[in-house]
Amino acid sequence: MRIAVTGSIATDHLATFPGRFTDQLIEGRLDRVSLSFLVDELHVRRGGTAANIAFGLGLLGLTPLLVGAVGADFEEYGAWLEEHGVDTAHVRVSSTRQTARFMCTTDEDQNQIASFYAGAMAEAPLIDLAQVSGHGGGIDLALISPNDPAAMTRHTEQCRELGIPFASDPSQQLARLGREDVRRIVGGARWLFTNEYEAAMLLDTSGWTREEVLGRVGAWVITRGADGVLVDTAGTGPAAFPAVPVRAAADPTGVGDAFRAGFLAAWSWGLPPHAAVPLGCALATTALEAVGPQQYEVSSADLLSRIGAGYGDSVAALLAPHLTARVPLATGPVFTAGGTR
């Protein structure tokens, strides 16, 4: 199955603040906030929502098509993604703008304050999904993840025109999207992904009720951090799944992206949500234990151990044939047709 992941490709600048943001907020003065945080660490990592999701899919043995816009500084980053199973042939390289930048500070409670510079992402609306599909051997599912808003609406509309099933992941861009944009991006999605806070934002911005959203999508997948995941469908009510326990949390950046990669990988293998969610949660927890959204490694033994402990041996047994065929047993080099990664 060919999954096209559209969205942002960026370099992440990740800092840590040895305190709590909430301790710096003064009651009654929140209308004039002016704060500066002295941070202890700075990590520069490869990131961007689409690139992070494609990276996770590549680790699980798929060859996703990455669809986004970057600057001329992308060469080394592109080689990294190719080494990890991502097809970057359809990434647009700008001649005038740099690759996008994500700047994020995380406090000791794992709260985050972030800014995003779009850069070359502004050219993403120029990418034609019809050409991507034609040159990439067809697209079985397109994921519309955070991107330039015009690109998100254009690529969603192209999916409808071309008959390509799509998943909608508006997440961070809900703050920039208007009511009609949200409705265009969400309506008709096979899967809708948000976290719990974004779910409330989506309802507020779209003007739809929960029931109206569910009547327009195949299923709504809502991530809730340590509280796990809800999969909500019309007529049946939400199914709740626990999170996978964390051994040692390091950095929450990109954890939701890893979840989406695991979920979509399992779905592409023909597995139901009660197997897709556990793989997504196991991959998300693995990402949480590393600093940077593309710094984690996976092994089939570790993923199956996490899944078995959290969801039972029967769920692990559903995933085992697929993971053992595509993911190394232990952490280490992965051998592919193109060499070692």
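Below or above, wherever it landed, is the structure these notes cover. (Residues numbered from 1 in each chain as written. Predicted model: local features only at pLDDT ≥ 70, side-chain atom pairs only at ≥ 80, totals over all residues. Heavy atoms only, no water.)

### With respect to the packing of aromatic side chains
Stage number 1. Within this structure, the stated rule accounts for nine aromatic pairs.
Stage number 2. Look at Phe17 and Phe21: their rings are 5.9 Å apart centre to centre, the planes differ by 5°, and that puts the pair in the stacked class. For the pair Phe17 and Phe21, one class covers both residues: buried.
Stage number 3. Pairing Phe193 with Phe263 gives two aromatic rings, centres 5.5 Å apart and planes at 85°, and the pair type is edge-to-face. Of this pair, Phe193 sits in strand E11 (residues 191-195) while Phe263 sits in helix H8 (residues 255-268), placing them 70 residues apart in sequence. Taken individually, Phe193 and Phe263 each receive the classification buried, so the pair is uniform in this respect.
Stage number 4. Ring-pair connections join several aromatic residues into one group, and the members of that group are Trp191, Phe193, Phe259 and Phe263.
Stage number 5. The ring of Trp80 carries Arg46 above its face, with NZ or CZ at 4.4 Å from the centroid.
Stage number 6. Arg190 extends its terminal NZ or CZ atom over the ring of Trp191, reaching a point 4.2 Å from the ring centre. (Phe/Tyr/Trp six-rings, centres within 6.5 Å; stacked < 30°, edge-to-face > 60°. Buried < 20%, exposed > 50% of the residue type's maximum accessible area, 1.4 Å probe, protein only. Helix = DSSP H or I, 4+ residues; strand = E, 2+ residues; numbered from the N terminus. Lys NZ or Arg CZ within 6 Å of the ring centre and 35° of its normal.)

### Regarding the sheet that holds strand E10 (residues 166-168)
Stage number 1. Taken together, the eight strands give an open sheet; going across it, the order is E4-E1-E9-E10-E11-E12-E13-E14, and neighbouring strands pair in mixed fashion. The open sheet terminates on both sides in strands that have one partner only, identified here as strand E4 (65-67) and strand E14 (239-241). Within this sheet the neighbouring strands show an average axis-to-axis angle of 20°, counted without direction.
Stage number 2. Of the strand pairs in this sheet, strand E1 (residues 3-6) and strand E9 (residues 141-144) are connected by four bridges, and their pairing is parallel. Paired with Ala4 across the strands is Ala142, a residue of E9. (Pairing = 2+ DSSP bridges. Axes fitted to C-alpha atoms, helices over the stretch in contact; angles between N-to-C directions.)

### Re unusual backbone geometry
Stage number 1. Phi is positive for Gln110, which is not a glycine, with a value near 70°.
Stage number 2. Examined against the element boundaries, Gln110 turns out to sit in the loop between strand E7 (100-106) and strand E8 (112-117).
Stage number 3. Positioned with a positive phi, Ser171 is a non-glycine residue whose angle comes to about 25°.
Stage number 4. Relative to the assigned elements, Ser171 resides in the loop between E10 and helix H5 (179-186).
Stage number 5. By relative accessible area, Ser171 is classed as buried at 7%.

### Remarks on the nonpolar core
Stage number 1. Grouped together as the largest cluster of nonpolar side chains are 64 residues, with contacts concentrated most on Leu60 and Leu319.
Stage number 2. For this core, the element with the highest residue contribution is helix H9 (residues 273-288), accounting for ten residues.
Stage number 3. When neighbours within four sequence positions are excluded, Leu60 is seen to be in contact with Ala261, Gly262, Ala265, Trp269, Leu279, Leu283, Leu303, Leu323, Arg326 and Val327.
Stage number 4. In terms of nonpolar packing, the next biggest core, distinct from the first, is built from 29 residues, Ile127, Ile164, Leu177 and Val217 among them. (Core = buried A, V, L, I, M, F, W, Y, C linked by side-chain atoms within 4.5 Å. Contact = heavy atoms within 4.5 Å.)

### A word on H5
Stage number 1. Of the positions making up H5, those classed as buried are Val182, Ile185 and Val186. Each buried residue of H5 lies within a common arc of 90° when the element is viewed along its axis, so the set occupies one face.
Stage number 2. Buried-residue contacts for H5 involve helix H4 (149-162), E10, E11, helix H6 (196-206) and helix H7 (210-214). (Arc of directions from axis to C-beta.)

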